[in-house]
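# Observations on chain architecture
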Amino acid sequence: RGRGVEEEAMLRRAAAQRPLLLIARRAVFSSDAGSSDAGSAAILRGSSTAAVHADALEDHGGGRMATAHDVSPPLSLSTTFTCPEPGSDGHVYSRISNPTRERCETLLGAIEGTPSSPARAVLYASGLAATFGALSRLLPSRVAISGGYHGTHQVLEQLQRISGGASCNPIPLPTPEDAAAVLREGDVVWLETPRNPDCHVADVAAYADAARELGGVWVVVDSTFAPPPLQRALTLGADIVMHSTTKYLAGHSDAIGGALCVRDAALASELRADRSAVGSTPGALEVWLLMRSLRTLHLRVERQSATAAELAHWLDRAVRREAGHPLAGLVHSVAHPSLPSDPSHGVARRQMSGGYGGCFALELASEQAARSLPAALRLFRDATSLGGVESLIEWRRKYDDAISPRLLRVSVGLEEAAHLQEDLQRAILQVSAAAG
């Protein structure tokens, strides 16, 4: 069953990428005199090739990102720059602009965009700084939101306090069908999809359609759990996509950061001006580490997504008490969009063209077993965060009182699926026996 899930995911990814790759091949290898590096960069948007070459193609002639033909771009640590000539477009001060950050934003924009729909990326010091940047720019009186990351709600509380209660008041997220009766002009719909930690998938296109019909309603998608190539919320109609780059985009548990991706160039400029004014600019080292990691993003998240689906399907067989399963009766539930039994599986099949994500939620039969499991594992580290090359697991109740005490959030890394399965089986048997 696991092999079938992985093969299905591979076929879906290949089918989704084929039009991009065929167009890109014609553009890059064309001998037409009219072809250009800028044209090649545009046609490659969204592909793994863009993740490797987009920044170099964008600035091939030398300019603001020029670095004397370095194959691996150097890290620019300078905080200030020699004053540019009047009328020229040079860097002045790193809080405003920096060669490393500009190159990385070009790269991430190319990854988030598609050949027909360019994206602009704006980097921040953290995911919460990016969340603050989006909400403080839009400054809605109300934000329609459903659960999700507790940090987002903390940002809402800060903006309510700063505004004296006039802005960013949370309201329950309506269904797309009920949006017209609940939402009004100026509202923000905040969709965290897949949602932390239960991996529920919201229908971005349906909410975007509802917002468009109402007019004046913004749709912001926190796509941290499903970066490109798994999900492209801008192409589904979202106005802004937020990423905690700390997670999958940086992917090595060594660089905190955040990003906002938008289609509109004017909005991107406004966000950069706001970022400079409040000082939420990321450090150069973190940006350079993010840029390094983006080169392998497609390879990493596709592998993590396929392994997570394989493990989720194996654990789901234990939930259904399949005859002969070693964990039958010991696993209460598994939540992952790849499972046909998952309530949001149908939406995920339409929306997550590159895979279902590298995280899943696991509930054991008892709280005692769930609390004990992280320490009993050998290949999964007992740590918060997610999206890194190493597998992590955490008893989520430790950080959020609203979460079931039996729930564990699992972030799958790049280890072999068979080894992770063996580790989970041994540890679940051990903690379940101890819990009685």
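Below you will find a few notes about this structure. Just so we're clear, the structure is a prediction, and the values are computed from it rather than from any experiment.

## Things to note about the side chain of Asn 98
Position of Asn 98 relative to the elements: it lies in the loop between α3 (48–58) and α4 (99–112). Judged by relative accessible area, Asn 98 falls into the buried class, the value being 4%. A polar contact is formed between the side chain of Asn 98 and the backbone oxygen of Ser 76, at a distance of 3.4 Å. Residues contacting Asn 98, with those up to four places away along its chain left out, are Ser 76, Ser 78, Phe 81 and His 91.

## Considerations on the packing of α4 against helix α10 (residues 284–294)
Between α4 and α10, the least distance of the axes is 9 Å, while the angle of their chain directions is 35°. Here α4 runs over α10; the crossing is left-handed. When α4 is examined against α10, the residues Thr 100, Arg 101, Arg 103, Cys 104, Leu 107, Leu 108 and Ile 111 are found in contact with a partner set consisting of Ala 284, Val 287, Trp 288, Leu 290, Met 291 and Leu 294. Across the contact of α4 with α10, the residue classes tally to 10 nonpolar, one polar and two charged.

## Thoughts on empty space enclosed by the protein
Here the structure, examined in full by the defined rule, presents two cavities of 30 Å³ or more. Considering only enclosed or pocket space, the largest cavity measures out at about 60 Å³ in volume. Along its surface, the largest cavity is lined by Leu 123, Tyr 124, Thr 245, Ala 255, Ile 256, Gly 257, Gly 258, Pro 282, Glu 286, Val 287 and Leu 290. At the level of secondary structure, the elements contributing two or more residues to the lining of the largest cavity comprise β1 (120–124) and α10. Of all the elements, α10 adds the most residues to the lining of the largest cavity, at three residues.

## Concerning the sheet that holds strand β11 (residues 392–395)
Strand order in the open sheet formed by five strands is β8-β9-β12-β11-β10, and the pairing between neighbours is mixed. Strand pairing shows two members of the sheet lacking a second neighbour, β8 (331–335) and β10 (381–382), which therefore form its edges. Direction of pairing for strand β9 (residues 359–364) relative to strand β12 (residues 407–411): antiparallel, over a ladder of five bridges. When the bridges of β12 are listed, Leu 362 appears paired with Leu 408.

## Quick word on the sheet that holds strand β2 (residues 142–145)
If you walk across this open sheet you meet the seven strands as β1-β7-β6-β5-β4-β2-β3, and the pairing is mixed. Bordering the open sheet on either side are β1 and β3 (169–172), each of which pairs with just one other strand. In this sheet, neighbouring strand axes are inclined to one another by 25° on average, regardless of whether the strands run parallel or antiparallel. As judged from the four bridges shared by strand β6 (residues 240–243) and strand β7 (residues 258–262), these two strands associate in the antiparallel manner. Residue pairing in the sheet places Ile 240 in a bridge with Val 262 of β7. Running at roughly 165° to β2, helix α6 (residues 150–162) makes contact with β2, β3 and β4 (188–192) of the sheet. On top of the sheet, helix α8 (residues 204–214) reaches β4 and β5 (218–222); it is set at about 160° to β5, its chief contact.

## A short note on the pattern of salt bridges
Per the counting criterion, the structure on display carries 20 salt bridges. Where Glu 270 meets Arg 137, a salt bridge forms, and the shortest distance between an N and an O atom there is 3.8 Å. Note that Glu 270 is positioned in helix α9 (residues 265–278) and Arg 137 in helix α5 (residues 127–138), a separation of 133 residues in sequence. With a relative accessible area of 35%, Glu 270 lands in the partly exposed category. One connected set of salt bridges, linked through shared partners, spans Asp 55, Arg 103 and Arg 295.

## Side note on helix α14 (residues 417–435)
Residues three or four positions apart in an α-helix share a direction because the helix packs 3.6 residues into each turn. Between its first and last C-alpha, α14 extends 27 Å over 19 residues, near the 27 Å set by a 1.5 Å rise per residue. Inspection of α14 places Ala 417, Leu 420, Asp 423, Leu 424, Ala 427, Ile 428, Val 431 and Ser 432 among the buried residues, and these make up the whole buried set. When α14 is viewed along its axis, its buried side chains cluster within an angular range of 145° and face the same direction. Residues Glu 422 and Ala 433 are exposed on α14 and point more than 90 degrees away from its buried face. Backbone geometry just after α14 places Gly 436 at a positive phi near 80°.

Cut-offs used in this document
Residues numbered from 1 in each chain as written. Predicted model: local features only at pLDDT ≥ 70, side-chain atom pairs only at ≥ 80, totals over all residues. Heavy atoms only, no water. Helix = DSSP H or I, 4+ residues; strand = E, 2+ residues; numbered from the N terminus. Buried < 20%, exposed > 50% of the residue type's maximum accessible area, 1.4 Å probe, protein only. Polar contact = N/O pair within 3.5 Å; in protein donor to acceptor, adjacent residues only side chain to side chain. Contact = heavy atoms within 4.5 Å. Axes fitted to C-alpha atoms, helices over the stretch in contact; angles between N-to-C directions. Left-handed = near helix turned anticlockwise from the far one by under 90°. Nonpolar A, V, L, I, M, F, W, Y, C, P; charged D, E, K, R; others polar. 1 Å grid on protein atoms, 1.4 Å probe; cavity = no way out; pocket = protein on both sides within 12 Å on 5 of 7 lines; lining within 4 Å. Points joined across faces, edges and corners; volume = space filled by probe spheres on them. Pairing = 2+ DSSP bridges. Salt bridge = Lys/Arg side-chain N within 4 Å of Asp/Glu carboxyl O. Expected span 1.5 Å × (residues − 1). Arc of directions from axis to C-beta.

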